[in-house]
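# Observations on the model geometry
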There are 2 protein chains.
Amino acid sequence: MPELRRDPVTGRWVCLAPGRALRPEAAHDSAIPPDAHPADCPFCEGREGRTPPEVAAIRPGGSGPNTPGWRVRVVPNLFPAFSDDDADADLADPLHAHGPALGASEVIIHSPDHRRWLPFLSAEQAELVMATTSERYRRHSVPGVGSVVPIYNHGREAGASLTHPHGQVYATRVASPVLDEELRGAEEAYRGVGNCVFCSMIEVEEAQEVRLVAQAEAFVAIAPYASRQAFECWIIPRRHAADFGEVEDEDAAALGVFLRDVLWRLYQEVGDVPLNWYIHSLPNATGDWSRSFHWHLEVRPKLTEIAGFEMATGTYINTTAPESAAAMLSAHGGPSPEATDPI
Amino acid sequence: MPELRRDPVTGRWVCLAPGRALRPEAAHDSAIPPDAHPADCPFCEGREGRTPPEVAAIRPGGSGPNTPGWRVRVVPNLFPAFSDDDADADLADPLHAHGPALGASEVIIHSPDHRRWLPFLSAEQAELVMATTSERYRRHSVPGVGSVVPIYNHGREAGASLTHPHGQVYATRVASPVLDEELRGAEEAYRGVGNCVFCSMIEVEEAQEVRLVAQAEAFVAIAPYASRQAFECWIIPRRHAADFGEVEDEDAAALGVFLRDVLWRLYQEVGDVPLNWYIHSLPNATGDWSRSFHWHLEVRPKLTEIAGFEMATGTYINTTAPESAAAMLSAHGGPSPEATDPI
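In short, a report on the structure.

Before going further, it helps to examine the overall build of chain A. When helices and strands are tallied, chain A shows seven helices and 14 strands. Relative to the globule expectation of 20 Å for 343 residues, the C-alpha radius of gyration of chain A, 20 Å, shows essentially globular dimensions. For chain A, the C-alpha atoms occupy an extent of roughly 55 × 55 × 40 Å along the three principal directions. Among the 343 residues that make up chain A, the fraction classed as buried is 59%. When contacts within chain A are restricted to residue pairs at least 6 apart in sequence, long-range pairs at least 24 apart make up 69% of them. Total accessible area on chain A is roughly 12600 Å²; 51% of this is exposed by carbon and sulfur atoms.

Glycine aside, the phi torsion of most residues is negative, and most peptide linkages are trans. Positive phi outside glycine occurs at Asn 66 of chain A, with the angle close to 60 degrees. If you trace the backbone, Asn 66 of chain A turns up in the loop between strand E3 (56-58) and strand E4 (72-76). Residues other than glycine seldom take positive phi values, yet Phe 231 of chain B does so here, at roughly 70 degrees. Looking at the element boundaries, Phe 231 of chain B is found in the loop between strand E10 (219-222) and strand E11 (233-237).

Time to look at the side chain of Asn 318 of chain A. Here Asn 318 of chain A shows up in strand E14 (residues 316-318). With relative accessibility at 1%, the residue Asn 318 of chain A sits in the buried group. Not counting residues up to four positions away in its chain, the partners in contact with Asn 318 of chain A are Ser 227, Arg 228, Gln 229 and Ala 230 of chain A together with Val 14, Cys 15, Leu 16, Ala 17 and Pro 18 of chain B.

Moving on, we come to the sheet that holds strand E1 (residues 3-6) of chain B. Judged by pairing direction, the sheet is mixed, and its four strands sit side by side in the order E14(A)-E2(B)-E1(B)-E5(B) without closing on themselves. Here the strands that pair on one side only, and so sit at the sheet edges, are E14 of chain A together with strand E5 (98-100) of chain B. Neighbour to neighbour, the strand axes of the sheet diverge by 30 degrees on average, direction disregarded.

Relative to chain B, chain A is turned by 180 degrees and slid 0.0 Å along the rotation axis, the superposed coordinates differing by an RMSD of 0.0 Å. What the superposition gives is, in effect, a two-fold axis relating one chain to the other. A share of 100% of interface residues in chain A that are also interface residues in chain B marks the association as one of identical surfaces.

This paragraph deals with the state of the cysteines. Summed over the entire model, instances satisfying the criterion amount to zero disulfides over all chains. The thiol sulfur of Cys 41 of chain A is not disulfide-bonded, and the nearest other cysteine sulfur, from Cys 44 of chain A, lies at 3.8 Å.

At the junction of the two partners, chain A supplies 79 residues and chain B supplies 79 residues. Interface of chain A and chain B: buried area, both sides summed, is about 6500 Å²; carbon and sulfur atoms make up 64% of it. Ranking the residues of chain A by area buried against chain B places Val 9, Tyr 225 and Met 311 of chain A at the top, with a combined share of 12%. For the pair chain A and chain B, the number of links is two salt bridges. Salt-bridge contacts for Arg 5 of chain A lead to Glu 323 of chain B; the nearest nitrogen and oxygen are separated by 3.0 Å. Remark: the boundary between chain A and chain B carries 24 residue pairs in polar contact (both at pLDDT 80 or more).

Let us now look at the packing of aromatic side chains. Per the stated rule, a full pass over the model turns up 26 aromatic pairs over all chains. When the centroid spacing of 4.4 Å and the interplanar angle of 45 degrees are considered together, the rings of Tyr 170 of chain A and Phe 309 of chain B count as tilted. In this pair, Tyr 170 of chain A sits in strand E8 (residues 166-172) while Phe 309 of chain B sits in helix H6 (residues 308-313), so the two residues belong to two different chains. Relative accessible area serves as the criterion here: at 2%, Tyr 170 of chain A is assigned to the buried category. The class for Phe 309 of chain B is buried, based on a relative accessible area of 2%. Grouping aromatic residues by their ring pairs yields a cluster made of Tyr 137, Phe 219, Phe 244, Phe 258 and Trp 295 of chain A. Over the aromatic face of Tyr 225 of chain B sits the side chain of Arg 5 of chain A, whose NZ or CZ is 4.1 Å from the ring centroid.

Pairing is mixed in the open sheet, where four strands are placed in the order E5(A)-E1(A)-E2(A)-E14(B). Looking at the sheet topology across the chains shown, the edges are occupied by strand E5 (98-100) of chain A together with strand E14 (316-318) of chain B. Pairwise comparison of adjacent strand axes, ignoring direction, gives a mean angle of 30 degrees for this sheet. Here strand E1 (residues 3-6) of chain A runs beside E5 of chain A; their pairing, made up of three bridges, is antiparallel. For Leu 4 of chain A, the partnering residue across the bridge sits in E5 of chain A and is Gly 99 of chain A.

Our focus in this paragraph is the pattern of salt bridges. Residues and elements named next belong to chain A. For the coordinates displayed, the defined rule picks out 40 salt bridges over all chains. A salt bridge links Asp 288 to Arg 191; its shortest N-O distance comes to 3.4 Å. Remark: Arg 191 occurs in helix H2 (residues 177-193) and Asp 288 occurs in helix H5 (residues 287-292); sequence separation between them is 97 residues. A salt bridge links Arg 228 to Glu 298, with the shortest nitrogen-to-oxygen separation between them at 3.0 Å. Residue Arg 228 is found in the loop between strand E10 (219-222) and strand E11 (233-237), and its partner Glu 298 is found in strand E13 (residues 296-301); the two are separated by 70 residues along the sequence.

Residue and element names in this part refer to chain B. The contact between helix H1 (residues 123-140) and helix H4 (residues 249-270) brings their axes to 7 Å, and the two run at 125 degrees. Of the possible angle classes, the one that applies to H1 and H4 is oblique. Every pair of crossing elements has a handedness; the one defined by H1 and H4 is right-handed. Contacts from Ala 123, Ala 126, Glu 127, Met 130, Ala 131, Ser 134 and Arg 138 of H1 reach H4 at Asp 249, Ala 252, Ala 253, Leu 255, Gly 256, Val 257, Leu 259 and Arg 260. Tallied by class, the residues present in the contact of H1 with H4 amount to nine nonpolar, two polar and four charged.

Another aspect to go through is a negative patch on the surface. Judged by side-chain charge, Asp 84, Asp 85, Asp 86 and Asp 88 of chain A come together as a negatively charged surface patch. Its location among the elements puts Asp 88 of chain A in the loop between E4 and E5.

This next bit is on helix H3 (residues 197-208) of chain B. Residues and elements named next belong to chain B. Taking 1.5 Å per residue, 12 residues should reach 16 Å; H3 reaches 16 Å between its end C-alpha atoms and fits that length. Among all positions in H3, only Val 197, Phe 198, Ser 200, Met 201, Ile 202 and Glu 205 are buried. For H3, the elements touching its buried residues are helix H2 (177-193), strand E9 (212-215), E10, E11 and strand E13 (296-301). Positive backbone phi, approximately 60 degrees, marks Glu 209, located one or two places after H3.

Attention shifts here to helix H7 (residues 322-331) of chain B. If you check which residues of H7 of chain B are buried, you get Pro 322, Ala 325, Ala 326 and Leu 329 of chain B. Projection of H7 of chain B onto a plane perpendicular to its axis shows the buried side chains occupying an angular sector of 95 degrees, all on one side. Those residues of H7 of chain B that are buried are in contact with E1 and strand E2 (13-16) of chain A together with E9, E11 and H4 of chain B.

How each quantity is defined
Residues numbered from 1 in each chain as written. Chains lettered and ligands numbered in written order. Predicted model: local features only at pLDDT ≥ 70, side-chain atom pairs only at ≥ 80, totals over all residues. Heavy atoms only, no water. Helix = DSSP H or I, 4+ residues; strand = E, 2+ residues; numbered from the N terminus. Rg over C-alpha atoms; globule rule 2.2 N^0.38 Å. Buried < 20%, exposed > 50% of the residue type's maximum accessible area, 1.4 Å probe, protein only. Contact = heavy atoms within 4.5 Å. Areas by Shrake-Rupley, 256 points an atom, 1.4 Å probe, with all protein chains shown as cover. Pairing = 2+ DSSP bridges. Axes fitted to C-alpha atoms, helices over the stretch in contact; angles between N-to-C directions. Least-squares fit on C-alpha atoms with pLDDT ≥ 70 in both. Disulfide = S-S within 2.5 Å. Buried area = accessible area lost by both parts, 1.4 Å probe. Salt bridge = Lys/Arg side-chain N within 4 Å of Asp/Glu carboxyl O. Polar contact = N/O pair within 3.5 Å; in protein donor to acceptor, adjacent residues only side chain to side chain. Phe/Tyr/Trp six-rings, centres within 6.5 Å; stacked < 30°, edge-to-face > 60°. Lys NZ or Arg CZ within 6 Å of the ring centre and 35° of its normal. Parallel < 35°, antiparallel > 145°, perpendicular 65-115°, else oblique. Left-handed = near helix turned anticlockwise from the far one by under 90°. Nonpolar A, V, L, I, M, F, W, Y, C, P; charged D, E, K, R; others polar. Patch = residues over 30% accessible without salt bridge, like charges linked within 9 Å, V, L, I, M, F, W, Y side chains within 5 Å. Lys, Arg positive; Asp, Glu negative; His and termini not counted. Charge placed at Lys NZ, Arg CZ, Asp CG, Glu CD. Expected span 1.5 Å × (residues − 1). Arc of directions from axis to C-beta.

This is the structure:
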């Protein structure tokens, strides 16, 4: 059973999950699987019995659970890092603090199509994907939860262990150190200038127009000023909210379409690079955090490796100016609404 | 010229270094280059004119600078991320704070041998490597420096852009967020139990014997309790000091031999995996930090990729218990003193 262990120096928690070493290795180095419906894929339609029983699905024809006929399907992770298995904890030991890895690990299968990930799915399917992601986020935003994080790993080098396109939602009892850093920073920025730093960013970047990647009614995509990696993009909602759970259904669907657009531009410019995207949000935000934090989605392409300097210091060395990245990405048109094939 | 930009949310600095995009791509996917002396390697003996002029070298025969006859050679990085090029700074802009990337980026060529990295060099050569690393660390520990970090990237997937084995020393004016986190955590631990947490770790891990990897007169290697990655190892000096610059010459040489031993065990157990190692140390430590912090060396093998969950949250999911890793690594014998060939 996974357990959490606290590093005695920094206080950061690590999830020790030996069972996950049994996960399948990705079959292909390329992020795009060549086979349309490989026999060993547990996420393809008709293989519903090879996953844990589904916890949610979009089934327009009214088919029964764990049968074909779905468009998006949510199942618990077969190799969960976080679950509701309880166990003994010892938080007092200064060197060996540990406890159960409480939370949830879910898989959101983005479509029955094994070969198409988000930029190549139809706009309508992208709406269903993000509507489902938003629904699962809200489902796990229970009182006492530390973080709820929708993530996506594209390509083996970004950590994808199965090639059939799927997102994940992790809920953890422990807080996220990265989110904590953002929360503290955003609150400090708020006290400094009297405004939400993300709201200021939208205003200034739309006025300056040098780091803009794409714009939509409800969202703006920018190459952030201090981009850590080449072609890093942030999608920021125009409506201020600290909690992604507050997003209207219509805006969640629109986020799917907008993210598809941004990923399409990235694909046009740099090809099929490994990447991660995730949503930073504060579940059940109240008080000061509600005014100073602002949920958003970060796209992190891996054009170069994270090397020793970054690991040792936490300071990134980036060789592509966000202004250059934004100029290239904004020059591409967005995708048509239909599903397409990767070239 | 590289510049530093401050992320307006978290306050973390990013080094934007577009010139580094010109760096050579690693010629081989494997970490072990098959060619003994490839024609395009600027770090091989006889190619001294293809690097910037050396700033230090060990030349037992008394040969002149930038000629053959060296055993370890130190040159400025041809594509420096940090240097002494000054430029305008604006730290007051809440969204677009930036300044020059002041500091130094040096390359330590570990030996004239293109094919052998540390575990396969002789013990005597390992002594020279770490003696030189220690000398360069002290050289850059000037008043006002924020961090001085010796690092090593092994393999393309760990960020090595040239295959000839070489370490690096980065000195930066800005502080390191990762070191800051350790400093704060170690000070908090000190206030909690009245002892240096690293000194306690040596005592407890040597008594429990379940996370011990190797022991020497001056150093202990452990698989840390909250290991972030499979086979993570920390080398901790027995003598308490916050600053690696305080290490005696004899101990610096012994560290080279001990690190070689640990890397040899890793190679025996998991083969030629990409990895990074680096030294965490506080230059010119004084006051509270001197008593609570303790310099050490971290070895971070990359058996699995860092995925979206880790990037989004800062919490690692590790599938190999450090107790298992320590049992496997400690069961191997150390290397003989002579240089050997990788199998």
